[in-house]
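Structural characterization, general
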Amino acid sequence: MGHRNKEAGIKCGRLHGHTYDVVCTFAFNTMTNGVTMLFSDIDNKVEPIVKQYDHYFLFYEKDPLVDVLRMEGELIKTVPFETSAENMAIWLFKEIKNEAKLPIIKIELSETKSSTVIYEE
Ligand SMILES: [Zn+2]
């Protein structure tokens, strides 16, 4: 996904992209026949949330490039916050908790192999 973060210095303020990596931890309270929830069922709920931004540029809705790119017909996505790794992790956590209705307790979001944010409740 492409993005830029104008609040995080010159380097992060330039248009660039990441192959984000996301690891979620869930806490289930019940099991049926030794299974809490099938991994495939979790994937079916989480992947649509993550995939809707795959190969898109994601911009803070107040970024001045939003109007320019939309005027040129670019299909971009916007969110109501700067797209820092921290904000992205919290936002994804809440989407998975509230939209997918999964008992997520922790999310790890990596921009690179050595740049990971962990958010947990
Ligand atoms: Zn970045």
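Scroll up to find the structure this text is about.
The following refers to the structure shown. (Residues numbered from 1 in each chain as written. Predicted model: local features only at pLDDT ≥ 70, side-chain atom pairs only at ≥ 80, totals over all residues.)

**Description of the overall build of the protein**
For clarity, the threshold we go by: Numbering of helices and strands starts at the N terminus; helices are DSSP runs of H or I of at least 4 residues and strands are runs of E of at least 2. Burial is judged by counting the other C-beta atoms within 10 Å of a residue's own C-beta: 20 or more makes it buried, 12 or fewer makes it exposed, and any count in between marks it as partly exposed, with every C-beta position built from the backbone. Whether two residues are in contact depends on their C-beta atoms, placed from the backbone: they are in contact if these lie within 7 Å.
Looking only at helices and strands, one finds four helices and seven strands in the protein. Listing each helix as α and each strand as β along the protein from the N terminus yields β-α-β-β-α-β-α-β-α-β-β. Principal-axis analysis of the C-alpha atoms places the extent of the protein at approximately 55 × 30 × 20 Å. The buried share among the 121 residues of the protein stands at 16%. Counted over contacts in the protein with a minimum sequence separation of 6, partners at least 24 positions apart contribute 49%.

**Here we look at helix H2 (residues 39–51)**
To keep things clear, this is the line we draw: Between the first and last residue of a helix there are one fewer steps than residues, each counted as 1.5 Å, and that sum is the expected span.
Taking 1.5 Å per residue, 13 residues should reach 18 Å; H2 reaches 17 Å between its end C-alpha atoms and fits that length. Along H2, only one of the 13 residues are buried, which leaves the element largely exposed.

**Looking at the sheet that holds strand S3 (residues 21–26)**
Applicable threshold: Strand pairing is defined by DSSP finding a minimum of two bridges between the two strands. Axes here refer to lines fitted to C-alpha atoms; in helices the fit is confined to the stretch in contact. Angles between the N-to-C directions go from 0 to 180 degrees.
Reading across the sheet, the three strands line up as S3-S6-S7 and stay open at both edges, with antiparallel pairing between neighbours. For this open sheet the edge positions go to S3 and strand S7 (115–120), each flanked by a neighbour on one side alone. The sheet shows a mean angle of 15° between the axes of neighbouring strands, taken without regard to direction. Relative to strand S6 (residues 104–112), S3 is paired through six bridges, and the arrangement is antiparallel.

**Some words on the environment of Asn-33**
For Asn-33, the location among the structural elements is in the loop between S3 and H2. Classification of Asn-33 by C-beta neighbours within 10 Å gives exposed; the count is 4. Once the C-alpha coordinates of Asn-33 and Gly-17 are considered, the two residues, 16 residues apart in sequence, prove to be 43 Å apart.

**Observations concerning the nonpolar core**
Inclusion rule: Only buried residues count toward a nonpolar core: Ala, Val, Leu, Ile, Met, Phe, Trp, Tyr and Cys, linked into one set through C-beta atoms within 7 Å.
One finds Val-46, Ala-85, Met-88, Ala-89, Leu-92, Phe-93, Ile-96, Ile-104, Ile-107 and Leu-109 forming the largest nonpolar core, which totals ten residues. When contributions to this core are tallied by element, the ones reaching two or more residues are helix H4 (85–98) and S6. A per-element tally of this core places H4 first, with six residues. Ignoring any residue separated from it by four or fewer positions in sequence, one finds Met-88 in contact with Thr-83 and Leu-109.

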